[in-house]
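One-letter residues, chain by chain:
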Amino acid sequence: MLHKAGFVNIIGNPNVGKSTLMNAFVGEKLSIITSKAQTTRHRILGIVNGDDFQVVLSDTPGIIKPAYELQSSMMGFVKSAFEDADVLLYMVEIGEKALKDESFFDKIRGSKIPVLLLLNKIDTSEQEILEEQIQYWQEQLPSVEIHAISALQNFNVKGVFERIIELLPEAPPYYPKDQLTDKPERFFVNETIREKILIHYKKEIPYSVEIETEEFVEDEDIIRMRAVIMVERDSQKGIIIGHKGSALKRVGVEARKDLEKFFGKQVHIELYVKVNKNWRSDARQLKRFGYNS
Ligand SMILES: Nc1nc2c(ncn2[C@@H]2O[C@H](COP(=O)(O)OP(=O)(O)OP(=O)(O)O)[C@@H](O)[C@H]2O)c(=O)[nH]1
Ligand SMILES: [Mg+2]
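Remember, predicted model here, so these are calculated numbers, not experimental data. The residue numbering used here restarts from 1 in each chain and proceeds along that chain's sequence as written. Written order decides the labels, with chains lettered from A and ligands numbered from 1. The predicted origin of the model limits local features to residues at a pLDDT of at least 70 and limits the giving and counting of side-chain atom pairs to 80 or more, whereas totals for whole chains, interfaces and linings rest on all residues. Heavy atoms throughout the structure, all of them, feed into the side-chain values; hydrogens and water do not.

(A) Just the pattern of salt bridges, in detail. By salt bridge we mean one thing: a side-chain nitrogen of Lys or Arg within 4 Å of a carboxyl oxygen of Asp or Glu. Per the counting criterion, the structure on display carries 22 salt bridges. With a closest N to O distance of 2.8 Å, Arg163 and Glu145 form a salt bridge. Of the two residues, Arg163 is situated in helix α5 (residues 157-167) and Glu145 in strand β6 (residues 145-148); the sequence distance between them amounts to 18 residues. Exposure categories follow from relative accessible area, calculated using a 1.4 Å probe and restricted to protein chains: below 20% of the type maximum is buried, above 50% is exposed, and the middle band is partly exposed. Its relative accessible area of 28% is what places Glu145 among the partly exposed residues. One salt bridge connects Asp258 with Lys196, and the closest N-O pair in it is separated by 2.8 Å. One end of the pair, Asp258, is in helix α8 (residues 246-263); the other, Lys196, is in helix α6 (residues 185-200), and 62 residues separate them in sequence. Counted as one network, the salt bridges with shared partners bring together Lys29, Glu195, Lys196 and Asp258. Numbered from the N terminus, helices here are DSSP runs of H or I no shorter than four residues, and strands are runs of E no shorter than two.

(B) Inspection of the domain arrangement of the chain at higher detail. Residue ranges labeled as domains rest on an automatic or database domain assignment. Each domain of the chain was delimited in the assignment, giving domain 1 (4-167) and domain 2 (185-288). Each of domain 1 and domain 2 was reduced to a C-alpha centroid, and the two centroids are 28 Å apart. Buried area is understood as the total, over both parts, of accessible area removed when two parts are fitted together, assessed with a 1.4 Å probe. Buried area between domain 1 and domain 2, both sides added, is near 1700 Å², and the carbon and sulfur share of it is 56%. When the area that domain 1 buries against domain 2 is broken down by residue, the three leading residues are Ile32, Lys36 and Arg41, summing to 35%. Where domain 1 meets domain 2, there are 3 salt bridges.

(C) Spotlight on the site of ligand 1. Put simply, a residue is near a molecule or strand once any heavy atom of it comes within 4 Å of that molecule or strand. With respect to spatial proximity, 23 residues lie near ligand 1, and among them Lys18, Thr20, Gln38, Thr39 and Asp123 are the closest. Whenever two N or O atoms come within 3.5 Å, that pair is a polar contact, provided that in protein one can donate a hydrogen and the other can accept it, and provided that, for residues adjacent in sequence, both atoms are side-chain atoms. Measuring from an oxygen atom of ligand 1, one finds a backbone N or O atom of Gly62 at 3.2 Å. Within the backbone of Leu152, a nitrogen or oxygen atom sits 3.2 Å from an oxygen atom of ligand 1. The accessible surface values rely on the Shrake-Rupley method and a 1.4 Å probe; as for residues, cover is taken only from the protein chains in view. Alone, ligand 1 offers 660 Å² of accessible surface; in the complex the protein occludes 89% of this. Considering each element in turn, the shell around ligand 1 owes the most residues, 3 residues, to helix α1 (residues 18-26). Under the convention adopted here, Pro, Cys and the residues Ala, Val, Leu, Ile, Met, Phe, Trp and Tyr are nonpolar, Asp, Glu, Lys and Arg are charged, and Gly plus all remaining residues are polar. Residue classes in the shell around ligand 1 are distributed as 6 nonpolar, 13 polar and 4 charged.

(D) Looking closely at the coordination of the magnesium ion (ligand 2). Of the protein atoms, only Ser19 (OG) and Thr40 (OG1) coordinate the magnesium ion (ligand 2), at distances of 2.0 to 2.1 Å. With Ser19 in helix α1 and Thr40 in the loop between α1 and β2 (44-50), this residue pair connects regions lying 21 residues apart in the sequence. There is no split in this pair, since Ser19 and Thr40 are both buried. For Na, K and Ca the donor cutoff is 3.2 Å, while for all other metals N, O and S atoms count as donors only within 2.8 Å; water does not appear among the atoms, so some sites may look incomplete.

(E) Quick look at the packing of aromatic side chains. Working definition: a ring pair exists when centres of Phe, Tyr or Trp rings (six-membered ring for Trp) sit within 6.5 Å. Plane angles under 30 degrees give stacked, over 60 give edge-to-face, the rest tilted. This structure, assessed with the given rule, holds 12 aromatic pairs. With 5.8 Å between their ring centres and 70 degrees between their planes, Phe53 and Phe161 make a pair best called edge-to-face. Taken together, the positions of Phe53 in strand β3 (residues 53-59) and Phe161 in helix α5 put the pair 108 residues apart, joining distant regions of the chain. Aromatic side chains Phe262 and Phe263 sit 5.1 Å apart centroid to centroid with 85 degrees between the ring planes, which places their arrangement in the edge-to-face category. On the accessibility criterion, Phe262 (27% relative accessible area) is partly exposed. Above the face of the Phe82 ring, Lys107 is positioned so that its terminal group lies 4.9 Å from the ring centre. Only lysine NZ and arginine CZ atoms are considered, and such an atom sits over a ring when it is within 6 Å of the ring centre and within 35 degrees of the ring normal. Note that Arg280 overlies the ring of Tyr68, its terminal NZ or CZ placed 3.9 Å from the centroid.

(F) Summary view of the sheet that holds strand β1 (residues 4-12). Pairing between strands is defined by DSSP: at least two bridges between them are needed. Ordered by their spatial adjacency, 6 strands build an open sheet running β2-β3-β1-β4-β5-β6, and the pairing between neighbours is mixed. On the outer flanks of this sheet lie β2 and β6, each paired with one strand and no other. Averaged over all pairs of adjacent strands, the angle between strand axes in this sheet comes to 25 degrees, irrespective of strand direction. Note that β1 and strand β4 (residues 87-93) share 5 bridges and pair parallel. Each residue of the ladder has a partner; that of Val8, found in β4, is Val87. For helices, the fitted axis covers only the stretch in contact; all axes are lines through C-alpha atoms, and the angles between them, taken along N-to-C directions, range from 0 to 180 degrees.

(G) A look at the side chain of Asn13. Here Asn13 shows up in the loop between β1 and α1. Within polar-contact distance, the side chain of Asn13 engages the side chain of Glu96 at 2.9 Å.

(H) Representation of unusual backbone geometry within the structure. Even without being a glycine, Gln38 presents a positive backbone phi close to 60 degrees. Here Gln38 is to be found in the loop between α1 and β2. Positive phi, normally seen in glycine, also occurs at Lys121, with a value near 70 degrees. Of note, Lys121 is situated in the loop between β5 (115-120) and α4 (127-140).

(I) View of α6. Taking 1.5 Å per residue, 16 residues should reach 22 Å; α6 reaches 24 Å between its end C-alpha atoms and fits that length. In terms of residue burial, α6 counts as a mostly covered element, since 12 of its 16 residues are buried. Residues of α6 that are buried: Phe187, Phe188, Val189, Asn190, Glu191, Thr192, Ile193, Arg194, Glu195, Lys196, Ile197 and Leu198. Helix span, as expected, comes to 1.5 Å for every residue beyond the first.

Here it is, written out as C-alpha cells:
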C-alpha cells in the first residue's frame, strides 16, 4: 500500500490562530490558546495518523523581532520549522498585511516546497472583504495556494487537510502510529498552568513567567503534581499569589480541571511561586527549560 508522510509546519504572525488550527487537526488540546500574542513559545508536534498516511504537524511561536534571549530562542523554533517542512502552512488573519519580519516573508515568497496560505478567521468577515483579501494575497504571493478557513468554527479545516495529504511525499511513518506528540506529560502541565496565567494576569506578568513541573506521580486513580511558577522579580511574586492566595488558587483550580480532562484522571496539583531573576535572558536556564532549537 502507498504510504504518505511528512512534516507540515504552521507559521505566521502572533495570535492569528496557529494553535487553534493545530488542535483542530489533531482533535486534542495539545497547544494552549489565548487572545494574547506570544502564547506559544515552543515548537509542538501534533501527529495525525491514518492507515496510509502520517501528518506530523508543527505548531510554532508567532513571528516577532526578538528583544530578549527567550524570544530569540522562540524564533529559532520558527527557523527550524522552515528547514524541515514538506508543506508549509502560512497563516494570516483577515485584515492582516504581510509578516512583520521581512526576511521570513522573503523565505515564503521564495519557498521551493509547497506553501498553503491559510486566511483564517473568515467567520469575522463579510464576503466582500474576504474577496478583497484573497486578491491582495494573490498579488503578494502569486505562487502560493490560498485557502479561506475558520480554525475556531472548523470551517474548511477538513478541506485543507485533504489537500495536505495530496501534497505529501511517499514515505514511511516518522513516528510510531500511536504517538500523538513529541512532548512529555510534564510539558502539558506547564503549558496548562501558563495558559491560566496568560488569561488572568496583565501586562508583563505572563511574559515573565516560566513553569516547571517538579513532581508528576501517577497512581491508579489519581495523578499528583507539584509545579513551581517562576517570576523574574520579587514584586511579581505577590501579584501572582494575590490577596490571601486567592489569585494563585484560581490558577490551580482552573488548571486542575483542564488537566483532569487531558489525562482522563483525577488530578491533585500543588503550586508555589519562586523568584528566578532574569531567567528569560539567561541562556543556561533557557536550555534547561527546553528552549533550545
Ligand atoms: N473569530 C475567530 N477567532 C479565532 C479563530 N482562530 C483562532 N481564533 C482566536 O484567536 C486567538 C489566538 O488564537 P491562537 O490559536 O492562540 O493563535 P496563535 O497564532 O497560536 O498565537 P501565538 O501562539 O500567540 O502566536 C484566540 O483568541 C482564538 O480563539 C477563528 O477562526 N475565528
Ligand atoms: Mg499559538
